[in-house]
Structure formats: C-alpha cells, structure tokens
Amino acid sequence: DENNNQDGEQIVIFEEKITKVNGEVAIKRYQRGKFLGKGGFAKCYEATNLENKKVLAAKIIAKSSLTRNRARQKLVSEIKIHKSLQNSNVVQFEHVFEDHENVYILLELCCNQTLNELIKRRKRLTEIEVQCYVAQMINALKYLHNNNVIHRDLKLGNLFLNKNMELKLGDFGLATKLEFDGEKKRTICGTPNYIAPEVLDGKVGHSFEVDVWSLGVIIYAMLIGKPPFETPDVKSTYKKIKLNQYSFPDQVQISDNAKQLIQKILVLEPSKRPTLDEIMAHSFMNSGGTIPKVLPLSTLACPPSIQYNKQ
Ligand SMILES: CC[C@@H]1C(=O)N(C)c2cnc(-c3ccc[nH]3)nc2N1C1CCCC1
C-alpha cells in the first residue's frame, strides 16, 4: 500500500517545513533509504530528495540525545564549520534542518565508504595508491588550513570514498576555527591512535601541525596495514606516542622514500614537522618514475584529475 515499498518495508519520509518571507509554507520531502550505520549520536541513512531525486547521506541526531552541553556545542560547531567549506576533497555539506525530534544533516553520499574499510579488505595499499590518496588529503588540508580550520580528528574512518574512488574528508565534529594568527588550542580531543603528542601534553597549545602528525600516522597505516602506535589499551598507546616509539615491521617491505617521509613527519616537536607543500614535494610523492604514457592499471585507482596535477 502507499506506506510500504515493494519489499514490504515501511516508507519513511522526513520533511522540512519552510516558511517563506511572504508567509507561504513550502515543504521539502526526503525519503529515508538504507541504514548506513551509527556515527556518534547519529543514526545515518541514505536519503532521497523527492524533488530532484538526489541521493544523499543523512545524519539524524535525536535532540533527546543532546542533553549534555558538550554534545550540543560539538554539534553546533560541526555544522558551523562544515557548512562553510567547499572543496573537491571535502565531503560536500548539502543541507541542515530540524523538526521537533531530530536534527537532520544532509551530506554528500560516498558509496565506497572510508579508507578504514578499504584497508581492512586489502590489508595494505600499494605505494602508488598511497601517493594518490595523500595528494588528495593534502589538497583538502591546504584548503582547510588556508581557511584557519584545523580538523583535529584525521583518521582512516574520516576519509570517505565516492563512487569514483575520489577521497573526501569528512566528520568535522572535533574541528576548530582559529580566530587570530598564532592562536593555540588546548582542549584535548582526537582518536587515540592518531592524536598528536602536543595534544596529549596539554601544557602547550596545539595548532595546524596536529593534522600533519595525523597525516603521518595515516601514511604509515595505509602502507603497513595498522597505525604505528597501536596497542591493546589507550594508556600504552599514549605512552608510545609521547616517547615517539614506533618501528617498521620486517614482514612489510616499504621503500626508503616512504620510511623517510614518515620519519620526517612523526617528530615530537610540532615546528620541526614538514609543511604540506614540503610533503607534496618529497621524493616519496614523486617516486615510481614519471607517469609513463600508458598508465599502469594501479594508477587508475587515482582519478585522472589527480594524475594530471602530478604531471
Ligand atoms: C553520514 C555519516 C558519514 C558521513 O559523514 N558521510 C559523508 C557518509 C557518506 N556516505 C556514506 C555511505 C554511503 C554508503 C555507505 N556509506 N556514509 C557516510 N557516513 C557514515 C555513515 C555511517 C558512519 C559514517
């Protein structure tokens, strides 16, 4: 019947009531699709805009779950920052609205999920694929940092892949915007495996360099198959980070260029880490020879737009 689809599943519509300046009420309707998973306080679904048939990813947060002020502030900050961003390697923020029960955040659908699932399936990536993903991450981070935004929670699970396997940086729940040059942040946040030592230190402030540190952790994780400081418990992970204790397992062969780049990035002193431009210019990012006329299949994992940039 009209409330169930052909598989007998109940059809759920959520709608946005818009009161126009002339007092007229317009209604935008979205049909809820398959469940995508949970993300923090949110239940996530595919959502089809019934007007233009565009399929989006919807983060639906029950207002009842936002009792603590910290959670509310985090959501307001996430929306404020993400809404202001527009870049080919940043998840596109489509729309946000609320009704009595929920807050609805509509985002770009990334149907190849995240680098986390990709690494779980593949064990580890080839150096050419890693070069391609790193180039896209650097594009996103340069855009963010030029807009005085620090992401602060860079990790495999926040690096989404769209249908063309293009990388899209998402989840701005821990992001922050610096209000003046030289401003330092002090609040502790981030995901244990990827968190920079100066954030753990808590005494000194932190800034853009925390994203560069996390990028180093991500490069290691993509090439080796797991993050460098991973241990069974968070406390010993923090200890290893503060002591800068990590190694390259003999079982996994990676090039000297790759090792050198990781060692250059994972340094305790933030000011001693390379800039994003220096990482882009590093021999690892330009090794594997110049792109031959006939592209080997593996580079096809890298969308054409990136390949030509490299030339
Ligand atoms: C909507 C939340 C989050 C997200 O932020 N985006 C952009 C996203 C896009 N496509 C997808 C997606 C499309 C097909 C599978 N997942 N998922 C996204 N997620 C996932 C949902 C569950 C946990 C994080």
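Above this text sits the structure in question.
All residue numbers here refer to positions counted from 1 along the written sequence of the relevant chain. Note on the predicted model: pLDDT of at least 70 is required for a residue's local features to be given, and 80 or more for side-chain atom pairs to be given and counted; whole-chain, interface and lining totals, by contrast, use all residues. Computation of side-chain values covers all heavy atoms of the structure but excludes hydrogens and water.

**Some remarks on the overall build of the protein chain**
A run of H or I in DSSP counts as a helix once it spans at least four residues, and a run of E counts as a strand once it spans at least two, with each numbered from the N terminus. Helix and strand counts for the protein chain come out as nine helices and ten strands. The C-alpha radius of gyration computed for the protein chain amounts to 21 Å, which stays within 12% of the reference 19 Å derived for 311 residues, consistent with globular compactness. Considering only C-alpha atoms, the protein chain reaches an extent of 65 × 50 × 40 Å along its principal axes. Per-residue burial over the protein chain gives 44% buried out of 311 residues. Should any heavy atoms of two residues lie within 4.5 Å, those residues are considered in contact. The long-range share in the protein chain, meaning contacts at least 24 apart out of those at least 6 apart in sequence, stands at 57%. Carbon and sulfur atoms make up 51% of the accessible area of the protein chain, which amounts to about 16700 Å² in all. By the counting scheme adopted, Arg and Lys are positive, Glu and Asp are negative, and His together with the chain ends is not counted. Lysine's charge is taken at NZ, arginine's at CZ, aspartate's at CG and glutamate's at CD. Across the protein chain, the 44 positively charged side chains and the 35 negatively charged ones have centroids separated by 4 Å. Note on method: radius of gyration uses C-alpha positions; expected globular size equals 2.2 Å times residues raised to 0.38. Relative accessibility decides the category of a residue: with a 1.4 Å probe and only protein chains considered, values under 20% of the type maximum give buried, values over 50% give exposed, and everything between is partly exposed. Shrake-Rupley sampling with a 1.4 Å probe provides the accessible areas, and residues are treated as covered by the protein chains on show and by no other component.

**A short note on the sheet that holds strand 2 (residues 25-39)**
If DSSP finds at least two bridges between two strands, the strands pair. Ordered in space as 1-2-3-4-6-5, the six strands form an open sheet in which the pairing is antiparallel. Each edge of the sheet is formed by a strand with only one pairing partner; in this case those strands are strand 1 (13-19) and strand 5 (93-98). When strand polarity is set aside, the average angle formed by the axes of neighbouring strands in this sheet is 30°. Summarising the sheet, strand 5 and strand 6 (residues 102-107) pair through five bridges and their orientation is antiparallel. Axes here refer to lines fitted to C-alpha atoms; in helices the fit is confined to the stretch in contact. Angles between the N-to-C directions go from 0 to 180 degrees.

**Points about the site of the ligand**
Note on terminology: near, applied to a residue and a molecule or strand, indicates that one of the residue's heavy atoms is within 4 Å of it. As a matter of local geometry, the ligand sits amid 14 residues, with Val91, Leu107, Glu108, Cys110 and Phe160 nearest to it. Between cysteine 110 and the ligand, the recorded distance is 2.9 Å, taken from a backbone N or O atom to a nitrogen atom. Burial of the ligand by the surrounding chains reaches 87%, relative to a free accessible area of 500 Å². Note on definitions: the grid is 1 Å and covers protein atoms alone; a cavity is a set of points where a 1.4 Å probe fits but cannot get out; a pocket is an open set with protein on both sides within 12 Å along at least five of seven lines; lining residues have an atom within 4 Å of a point. Whether a molecule lies in a cavity or pocket depends on its atoms, and more than half of them have to be within 2 Å of the grid points. A molecule is said to occupy a pocket when more than half its atoms come within 2 Å of that pocket's grid points, and by this definition the ligand occupies the largest pocket. For the shell around the ligand, the elements supplying multiple residues, two or more each, are strand 2 and strand 4 (55-62). Ranked by the residues each element gives to the shell around the ligand, the list is headed by strand 2, at three residues. Note that Gly is not counted as nonpolar here; it falls among the polar residues with everything else outside the nonpolar set of Ala, Val, Leu, Ile, Met, Phe, Trp, Tyr, Cys and Pro and the charged set of Asp, Glu, Lys and Arg. Here the residues of the shell around the ligand sort into nine nonpolar, two polar and three charged. The term polar contact refers here to a pair of N or O atoms within 3.5 Å; inside protein, the definition further demands a hydrogen-donor-capable atom paired with an acceptor-capable atom, and it admits residues adjacent in sequence only when both atoms are side-chain atoms.

**Some points on empty space enclosed by the protein**
Grid points are joined across faces, edges and corners, and a volume is the space filled by probe spheres set on the points. Taken as a whole, this structure holds one cavity of 30 Å³ or more when the rule is applied. By volume, the largest cavity amounts to about 70 Å³. Contributing to the lining of the largest cavity are 14 residues, with Arg152, Ile195, Ala196, Val210 and Ser214 lying nearest its centre. Considering every element that reaches the lining of the largest cavity, the biggest residue donor is helix 5 (residues 209-224), with three residues.

**Focus: the side chain of asparagine 89**
Considering the arrangement of structural elements, one finds asparagine 89 in the loop between helix 1 (69-83) and strand 5. If we skip the residues at most four places from it in the chain, asparagine 89 touches Gln136, Asn139, Ala140, Leu167, Lys168 and Leu169.

**Brief notes about unusual backbone geometry**
One non-glycine residue, aspartate 171, adopts positive backbone phi at about 55°. On the secondary structure map, aspartate 171 appears in the loop between strand 9 (167-169) and strand 10 (176-177). For aspartate 171, a relative accessible area of 30% translates into the label partly exposed.

**Some thoughts on the layout of surface pockets**
Here the largest pocket is characterised by a volume of approximately 1200 Å³. Taken together, 42 residues form the lining of the largest pocket, with Lys38, Gly39, Cys44, Lys59 and Phe160 sitting closest to its centre. Looking at the lining of the largest pocket, the elements that each hand over two or more residues are strand 2, strand 3 (42-49), strand 4, helix 1 and helix 2 (115-122). For the lining of the largest pocket, the class distribution of residues is 17 nonpolar, eleven polar and 14 charged. For the second largest pocket, the calculated volume is near 410 Å³. In terms of lining, the second largest pocket is formed by 19 residues, of which the most central are Ser77, Ile81, Ala175, Thr176 and Lys177. Listing elements by their share of the lining of the second largest pocket, those giving two or more residues are helix 1 and strand 10. Classifying every residue of the lining of the second largest pocket by side-chain character gives six nonpolar, six polar and seven charged.

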